Amino acid sequence: MSAALPTSSREWHLVARPHGWPKAEDFALREAPVTAPAEGRILVRNLHFSVDPYMRGRMNDVKSYTPPFKLDHPMEGGAVGEVVASNAEGFAVGDHVLHGLGWREYADVPAEHAVKVDASLAPLSAYLGVLGMTGLTAYAGLFEVASFKEGDAVFVSGAAGAVGSQVGQLAKLKGASRVIGSAGSDEKVKLLVEEYGFDAAFNYKNGPVAEQLREAAPDGIDVYFDNVGGEHLEAAISSFNVHGRATICGMIAQYNATEPTPGPRNLALVIGKRLRLQGMLVGDHAALQGQFVQEVAGWLASGELKYRETVVEGIENGFEAFLGLLRGENTGKMIVSLG
């Protein structure tokens, strides 16, 4: 066990189910008592926690692949921190761990739900992004779900985000013939081409996606990594070559819709082009974790793989960080840092 422990911790609670865009009154930052960890548990001082688009779905009271957040309870999500008290074998005070109890200053974590991480391999926040869940999503979604092969032309929507920026770079590292990205600002488009090495990129706010994609990929596309849905998916179906594959990872364009959104109007093309559209959840690909960390850590060390983080300081700004993510104000992984 360790010396004097804090007596309280601030944590974000969901207090009402958002209808459409989340509002400040749907959330509350509350104080909770901190106690020494029971047997088999560790107390972690969170240093960084993640806010991710999938969390919007967990705020609705609907049956889904992951249970909804409970009202008047702390929300959850990826976090990385330092063990300040341990009552579990294999964990010592001072160890750095990755776990799923974010949105709070101190987390009482069952030891089997914590993974030790090495701060010498990469900055700790990287384990929430490029070496974490978003990184594995990019890796598994491109190589396993979309069956990427050398020479493929790849289109990525939400390409300046944590997942999309990694997908594009991984495709380039593995020999894509062409990588095209779409993003929501001219600044992000510039970043995709100049820093991440995309062959072409466009701002989807500058005109119809289908037209801009056709111009950027005159020879069509073989793989589409979908983080957005809606108009982007329809455009990709139009640009696909025969036997094209889409990984349907996210549909952020629809997350705050209050009415059902219509599907792509050109779905009939799936037949003639023999397309494969496959949904993915990163949890199905845990078996790739070892291979993923080894390969990606190597590319990070060599400087071949680049990543960005948008860091918001202070737990009190957690809700604003999440809202900023939904508005597309982040470049790369959105992190809340507790310093």
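Here the structure is a predicted model, which means the values were calculated and not measured. (Residues numbered from 1 in each chain as written. Predicted model: local features only at pLDDT ≥ 70, side-chain atom pairs only at ≥ 80, totals over all residues. Heavy atoms only, no water.)

This paragraph deals with the UniProt feature "domain: Enoyl reductase (ER)" (unreviewed entry) in the chain. Per the UniProt record, the feature "domain: Enoyl reductase (ER)" (unreviewed entry) sits at residues 23-336. Annotation note: span residues 23-336, helix share 27%, strand share 25%, distance between end C-alpha atoms 18 Å. (UniProt positions renumbered as here; feature names shortened; annotations may be inferred. Helix = DSSP H or I, 4+ residues; strand = E, 2+ residues; numbered from the N terminus.)

Positionally, Leu281 belongs in the loop between strand E13 (276-279) and helix H8 (289-302). A relative accessible area of 32% means that Leu281 is categorised as partly exposed. Residues Leu281 and Glu309, 28 residues apart in the sequence, show an inter-C-alpha distance of 23 Å. (Buried < 20%, exposed > 50% of the residue type's maximum accessible area, 1.4 Å probe, protein only.)

As defined by bridge partners, strand E9 (residues 178-183) adjoins strand E10 (residues 200-203) across four bridges and the pair is classed as parallel. Bridge assignment links Ile180 to a residue of E10, and that residue is Ala200. One crossover worth recording links E9 to the parallel E10 by way of helix H4 (residues 186-194), and it is right-handed. (Pairing = 2+ DSSP bridges. Right-handed = clockwise from strand over helix to strand, strands pointing away.)

Here we come to the side chain of Thr137. Assignment of secondary structure puts Thr137 in helix H2 (residues 133-145). The residues touching Thr137, leaving out its near neighbours within four places in the chain, are Val163, Phe225, Cys249, Met280 and Val282. (Contact = heavy atoms within 4.5 Å.)

The next subject is the sheet that holds strand E11 (residues 221-226). Overall, parallel pairing links the six strands, which are arranged E10-E9-E8-E11-E12-E13 in an open sheet. Lying at the two open borders of the sheet, with one neighbouring strand each, are E10 and E13. For this sheet, the mean inter-axis angle between neighbouring strands, taken without regard to orientation, is 15°. Relative to strand E12 (residues 240-248), E11 is paired through five bridges, and the arrangement is parallel. Bridged to Asp226 within E12 is Ile248. Helix-sheet contacts for helix H3 (residues 162-173) involve strand E8 (153-156), E9 and E11, and the interaxial angle to E8 is about 170°. (Axes fitted to C-alpha atoms, helices over the stretch in contact; angles between N-to-C directions.)

For the rest of this paragraph, the subject is the pairing of E8. Within a regular beta strand, the side chains point alternately toward one face of the sheet and then the other, so they alternate between its two faces. The two faces of E8 match: Ala153 and Phe155 on one face and Val154 and Val156 on the other face are all buried. In this structure, E8 lies alongside E9, joined through four bridges in parallel fashion. The residue bridging Val154 from the neighbouring strand is Val179, located in E9. Handedness of the β-α-β unit built from E8, H3 and E9 comes out right-handed. Relative to E11, E8 runs parallel, the two sharing three bridges.

Moving on to the packing of H2 against H3. The geometry of a pair of packed helices is captured by two quantities: the angle between their axes and the separation between those axes. Two elements in contact, H2 and H3, have axes separated by 8 Å at closest approach and are oriented at 45°. Our classification of the angle between H2 and H3 gives oblique. Pair H2 / H3 crosses with right-handed handedness. Across from Thr134, Gly135, Thr137, Ala138, Tyr139, Leu142 and Phe143 in H2, the residues of H3 making contact are Ala162, Val163, Gln166, Val167, Leu170 and Ala171. Split into classes, the residues belonging to the contact of H2 with H3 amount to nine nonpolar, four polar and no charged. (Parallel < 35°, antiparallel > 145°, perpendicular 65-115°, else oblique. Left-handed = near helix turned anticlockwise from the far one by under 90°. Nonpolar A, V, L, I, M, F, W, Y, C, P; charged D, E, K, R; others polar.)

Another point: the packing of aromatic side chains. Inspection of every chain in the model, using the stated rule, returns eight aromatic pairs. On the numbers, 5.5 Å between centres and 35° between planes, the contact of Phe49 with Trp103 is tilted. Of the two residues, Phe49 sits in strand E3 (residues 41-50) while Trp103 sits in the loop between strand E5 (96-99) and strand E6 (106-110), which places them 54 residues apart along the sequence. The buried category is assigned to Phe49, whose relative accessible area is 0%. On the basis of relative accessibility, which here comes to 0%, the residue Trp103 falls in the buried class. Geometrically, the ring pair formed by Phe155 and Tyr224 is stacked, given 5.0 Å between the ring centres and 15° between the ring planes. Of this pair, Phe155 sits in strand E8 while Tyr224 sits in strand E11; the two residues are 69 residues apart in sequence, bridging distant segments of the chain. Taken individually, Phe155 and Tyr224 each receive the classification buried, so the pair is uniform in this respect. Pairwise contacts between aromatic rings join Tyr139, Phe143, Phe148 and Phe292 into one cluster. Positioned above the aromatic ring of Phe91, the side-chain terminus of Lys116 is 5.7 Å from the ring centre. (Phe/Tyr/Trp six-rings, centres within 6.5 Å; stacked < 30°, edge-to-face > 60°. Lys NZ or Arg CZ within 6 Å of the ring centre and 35° of its normal.)

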